[in-house]
Amino acid sequence: MARSFRIRQMTPGDFPAILDLDRKVAGRERARSYQQHVSRYLDNYFPPLCQVALDGDKVVGFILGDVKGWEYGLGPSGWIDIMGVDPEHQRQGVGLALIRAFVAQCRRQKLSAAHAIVRGGDRRLQGFLKAAGLQKGPLVDFYAPLKE
Ligand SMILES: CC(C)(COP(=O)(O)OP(=O)(O)OC[C@H]1O[C@@H](n2cnc3c(N)ncnc32)[C@H](O)[C@@H]1OP(=O)(O)O)[C@@H](O)C(=O)NCCC(=O)NCCS
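Residues numbered from 1 in each chain as written. Predicted model: local features only at pLDDT ≥ 70, side-chain atom pairs only at ≥ 80, totals over all residues.

A. Layout of the overall build of the chain. Along the backbone of the chain there are three helices and five strands. In the chain, the succession of α and β elements from N to C terminus is β-α-β-β-β-α-β-α. A compact globule built from 148 residues should have a C-alpha radius of gyration of about 15 Å, and the chain, at 15 Å, falls within 12% of that. Each principal axis of the C-alpha distribution contributes one length, and for the chain these read about 45 × 40 × 30 Å. Considering the chain as a whole, with its 148 residues, one finds that 26% of them fall into the buried category. Considering only intrachain contacts with a sequence separation of at least 6, the fraction spanning at least 24 residues in the chain is 64%. (Helix = DSSP H or I, 4+ residues; strand = E, 2+ residues; numbered from the N terminus. Rg over C-alpha atoms; globule rule 2.2 N^0.38 Å. Buried ≥ 20, exposed ≤ 12 C-beta atoms within 10 Å, placed from the backbone. Contact = placed C-beta atoms within 7 Å.)

Structure follows, in structure tokens:
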């Protein structure tokens, strides 16, 4: 049965719970696009954009991002770096609510857009981002493969 939850802005006091949650979703649960851990992002995050989902006072989801865009000739925009929802709370709208809160904060911060990067073959995460109202963006990835 779907449980109720609320969304609020992330604070440093949430970090231990976020790290625990991230350990829970790492490995098999983690989308193909995002194999790294949340600890990598906690130094550079932009607090106004970042949100947690709470069931009572328990953190059951998080979304973490920062502001960039100049390097690509885009206006300053919000970038979703990593997110996670407790497996017991997945498919109950928590992820969508976190993205919507992130996008609403981008708007409040007068940023020009909200972005997320995913692997081309990661249909699961692409479907989720489309369900959240995001569309294919203006950037294209170029690379030089160095292995046969
Ligand atoms: C990806 C993730 C954040 C989605 O969060 P969630 O709370 O389960 O998502 P929601 O319940 O808000 O899903 C909303 C919609 O997105 C799509 N969706 C979500 N998870 C999906 C899945 N596993 N397969 C296909 N579609 C999915 C569906 O359209 C879904 O709507 P529906 O349940 O009515 O069909 C969550 O599964 C997760 O934390 N996964 C592990 C960590 C991870 O991979 N993070 C992603 C990038 S860092």
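Resuming the write-up.
B. The arrangement of the site of the ligand in detail. Around the ligand, the surrounding shell holds 21 residues, and the nearest of these are Ala 31, Tyr 34, Gln 90, Gly 95 and Leu 96. Listed by contribution, the elements that provide at least two residues to the shell around the ligand are β4 (77-85), α2 (94-108) and α3 (123-131). Residue contributions to the shell around the ligand peak at five residues, all from α3. Taken together, the residues of the shell around the ligand sort by class into 11 nonpolar, six polar and four charged. (Near = placed C-beta within 6 Å. Nonpolar A, V, L, I, M, F, W, Y, C, P; charged D, E, K, R; others polar.)

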